[in-house]
Amino acid sequence: MKDTPLSNCERDFLLKAIEEKKRLDGRQTYDYRNIKITFGTDYGCCFVDLGKTRVMAQVSCELVAPKETRPNEGILFFNIELSPMASPAFEPGRQSELSVKLNRQLERCFRNSKCIDTESLCVVSGEKVWQIRVDVHTLNHDGNLMDAASIAAITALCHFRRPDVSIQGEEITVYTPEERDPIPLSIYHMPISVSFSFFQQGTYLLVDPCEREERVMDGLLMIAMNKHREICSIQSSGGIMLLKEQVLRCSKIASVKVSEITELISKALENDKKARKAGERCGFAESMPQERITALKMDETPVEMKNVTEKAEDIVKKYEAPPQSVPSPLVPAPGVGQVGQGQQNSWGLEEEDGEKID
C-alpha cells in the first residue's frame, strides 16, 4: 500500500513556512523533537521516542565461528525492519530501498567507526567468537528514522550484558545470569547520527525533519559523530550540491546536538542501573499499575461473596417472565382463516360446511 501523496497546496504551504523560518510543530530551525529513552525488562532492549517516531532496538548474542580473515575478532550484525505498523508505505516481507540505505548507514556508523572492541568478543581464537546482533524495529514513522535508530542501537548496546564463559581444555561453559553476573560490552565511544534536510536547492536548512518535511526536501545530509567531535560517517543524498561552508556549519551544529544526546543516554543508563540495583520496578513493569495488568499472577482474586443467594432470588423474582398462552395447533386462533383444512372429529374424518362425510 502506497502512502497518500501530498497535495500541491500542502507542499506550497510547507515550503512557504520554511522560508519564513516556521515549522509545523512550532520548533525553531535547529531544534530537535523531544527524545524519550526507556528500557525493557531484559538487558539490551531499548525504546526511543523521537517526537512521534518510535523505534525499538533489541541486542542478542550467540557463539559462532569467526571469519577466516579475522579469527580473533567478534562479529557485529545490524538489521533494521520497517514494519507496516509504522507506516502504510512500508510493505511486509520486502526489503525496500529505504531499509537497505538505513542498514548500510548503521553499519558504517558503528562497525567502521570501531566503537566496539570486537577483539574482546573472542572466546577461542579461530574457533568461537561472540556474534552481537542488533535488531531495530520501527514502531511508528514520523520522520528521521536514522537518528532514532542510531540512538536506540547505541543505547541498547551500552545496556546489553553478554553471558560469562569459561574454558577448560576444549570445553566451553556458558554461565546463566544466576550463576555468574553477565558482562557488559567494551564500548570506546558512542556515535550518534544527526540529520539535516535542505530546501530550495540548499538555501534553507532544518535539523531533525519530520515526515511531511522529508517529503518536500531537496536533499538530506546525515553526519554521525561522537562527543569528542570525531566524525564517524557522513552521507549526502538527494543530488544537491553542498558548499564546504554548509557542511562545516552542519558539523558544528551536529557536535552540539551529539553532546546533548550523549548526556541524555548516560543519564538514562544510570537511572536504569540504580533502579535495578535497588530492586525497583524497571522496564515495562514501571508503567504497569499494580495488580491490574498483572492480575493473573496473583494466587487469589478477591471477589465479594456476601448475600449472593438473596440477591440472586430478588433478581429472578423481579425479572421473572409472565406465562405465555400458546394457542392449540388444532383450533385456529380467532380472526385467522384456514384454507383447505376442516375440523377433525373423533372418527378421524373431516367435516366441511357442517356435513358429515361417510
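Position numbers for residues count from 1 along each chain, tracking the sequence in the order it is written. Local features in this predicted model are restricted to residues of pLDDT 70 or higher, and side-chain atom pairs are both shown and tallied only at a pLDDT of 80 or more, whereas totals for entire chains, interfaces and linings draw on every residue. Water and hydrogen atoms play no part in the side-chain values, which are based on all heavy atoms of the structure.

Asks: Would you explain the nonpolar core in this entry?
Replies: Most often, soluble globular proteins keep nonpolar side chains buried together rather than apart. Definition of nonpolar core: a set of buried residues of the types Ala, Val, Leu, Ile, Met, Phe, Trp, Tyr and Cys, connected through side-chain atoms within 4.5 Å. For each residue, the accessible area found with a 1.4 Å probe, counting protein chains only, is set against the maximum for its type, and the residue is called buried under 20%, exposed over 50%, and partly exposed in between. By size, the foremost hydrophobic cluster in this structure holds 65 residues, and its most contacted members are Ile37, Phe110, Ile132, Val136, Leu157, Phe196 and Ile265. Helix numbering and strand numbering both begin at the N terminus, where a helix is a DSSP run of H or I of at least 4 residues and a strand a DSSP run of E of at least 2. For this core, the element with the highest residue contribution is helix α3 (residues 145–159), accounting for 11 residues. Contacts: residue pairs with any heavy atoms within 4.5 Å of one another. Once residues within four sequence positions are removed from consideration, valine 136 is found in contact with Val55, Met56, Ala57, Asn79, Ile80, Glu81, Leu106 and Ala149. Membership of the second largest hydrophobic core comes to seven residues, among which are Leu6, Ile18, Leu206 and Val216.

Asks: Could you clarify how one ought to interpret helix α1 (residues 8–19) in this entry?
Replies: Side chains of residues three or four places apart in an α-helix project in the same direction, reflecting 3.6 residues per turn. Here a helix's expected span is defined as the number of its residues, less one, multiplied by 1.5 Å. With 12 residues, α1 extends 16 Å from end C-alpha to end C-alpha; this agrees with the ideal 16 Å at 1.5 Å per step. Among all positions in α1, only Leu14, Leu15, Ala17 and Ile18 are buried. Projected down its long axis, α1 carries its buried residues within an arc of 160 degrees, all on one side. Exposed residues pointing more than 90 degrees away from the buried face of α1 are listed as Asn8, Cys9, Asp12 and Phe13. Structurally, α1 contributes buried residues whose contacts are with β11 (192–199), β12 (204–207) and α4 (211–216). Immediately beyond the C-terminal end of α1, within one or two residues, lies lysine 21, with a positive phi of roughly 60 degrees. The arc in question is traced by the directions running from the helix axis to the C-beta atoms.

Asks: Can you help me understand the environment of arginine 27 in this one?
Replies: Tracing the chain through its elements places arginine 27 in the loop between α1 and β1 (35–39). In this structure the C-alpha to C-alpha distance between arginine 27 and valine 207, which are 180 residues apart in sequence, comes to 9.9 Å. Filtering out sequence-adjacent residues up to four positions away, arginine 27 remains in contact with Tyr32, Arg33, Val207, Asp208, Cys210 and Glu213. At a separation of 2.8 Å, a polar atom in the side chain of arginine 27 contacts the side chain of aspartate 25. Separated by 3.1 Å, the side chain of arginine 27 and the backbone oxygen of aspartate 208 make a polar contact. Here a polar contact is taken to be a pair of N or O atoms separated by no more than 3.5 Å, where protein atoms must pair a possible hydrogen donor with a possible acceptor and residues adjacent in sequence count only if both atoms sit in side chains.

Asks: It is not clear to me how the pattern of salt bridges should be interpreted in this structure. Could you clarify?
Replies: We count a salt bridge whenever a side-chain nitrogen from Lys or Arg sits within 4 Å of a carboxyl oxygen from Asp or Glu. Evaluated as defined, the whole model comprises 16 salt bridges. Note that arginine 111 is salt-bridged to glutamate 107, the shortest N-O span being 3.7 Å. Here arginine 111 falls in the partly exposed class, since its relative accessible area comes to 32%. Several salt bridges converge on common partners, so that one network encompasses Asp25, Arg27, Arg33, Asp142 and Asp208.

Asks: How do you make sense of the packing of α3 against helix α5 (residues 244–277) when you look at a structure like this?
Replies: The packing of two helices is summarised by the inter-axis angle and the distance between the axes. Packing of α3 against α5 brings their axes to within 11 Å, and their N-to-C directions diverge by 35 degrees. Crossing hand, α3 versus α5: right-handed. Note on element contacts: α5 touches α3 through Ile261, Ile265, Leu269, Asp272 and Arg276, opposite Ile151, Ile154, Thr155, Cys158 and His159. For the contact of α3 with α5, a count of residues per class yields six nonpolar, two polar and two charged. Angular values range over 0 to 180 degrees, each being the angle between N-to-C directions of two axes fitted as lines to C-alpha atoms, with helices fitted over their stretch in contact. Note on convention: the crossing is left-handed when the near helix lies turned anticlockwise from the far helix by less than a right angle, right-handed when the turn is clockwise. Each residue gets one of three labels, nonpolar for Ala, Val, Leu, Ile, Met, Phe, Trp, Tyr, Cys and Pro, charged for Asp, Glu, Lys and Arg, and polar for the others, Gly among them.

Asks: When you look at helix α2 (residues 97–110) in this model, what are you seeing that I'm missing?
Replies: Spanning 14 residues, α2 covers 20 Å between terminal C-alpha atoms, matching the ideal 20 Å at 1.5 Å per step. Within α2, burial applies to Ser99, Leu102, Asn103, Gln105, Leu106, Cys109 and Phe110. The buried side chains of α2 occupy one side of the element, clustering within an arc of 170 degrees when seen end-on. Facing away from the buried side of α2 by more than 90 degrees, the exposed set consists of Glu97 and Arg104.

Asks: Looking at this structure, how should I read the confidence of the model for the protein chain?
Replies: A low pLDDT score tells you not to read the predicted coordinates there in detail. The predictor's confidence in any single residue is recorded as pLDDT, a number from 0 to 100. Taken over all residues, the pLDDT of the protein chain has a mean of 82, while the share at 70 or more is 80%. Within the protein chain, α3 carries the highest mean pLDDT (94), whereas strand β16 (residues 350–351) carries the lowest (46). Below pLDDT 50 for its whole length, residues 337–358 participates in 12 contacts with residues either more than four positions away or in separate chains.

Asks: Honestly, the sheet that holds strand β14 (residues 231–237) in this entry has me stumped. Any pointers?
Replies: Working definition: the strands of a sheet are paired by backbone hydrogen bonds and lie parallel or antiparallel to each other. DSSP-based pairing: two strands are paired if at least 2 bridges between them are found. One open sheet accounts for four strands, arranged β12-β11-β13-β14; its pairing is antiparallel. Each having just a single partner strand, β12 and β14 make up the two edges of the open sheet. Pairwise comparison of adjacent strand axes, ignoring direction, gives a mean angle of 20 degrees for this sheet. Of the strand pairs in this sheet, β11 and β12 are connected by four bridges, and their pairing is antiparallel. The residue bridging phenylalanine 199 from the neighbouring strand is tyrosine 204, located in β12. Docked against the sheet, α5 engages β11, β12, β13 (219–225) and β14, running at close to 140 degrees with respect to β11.

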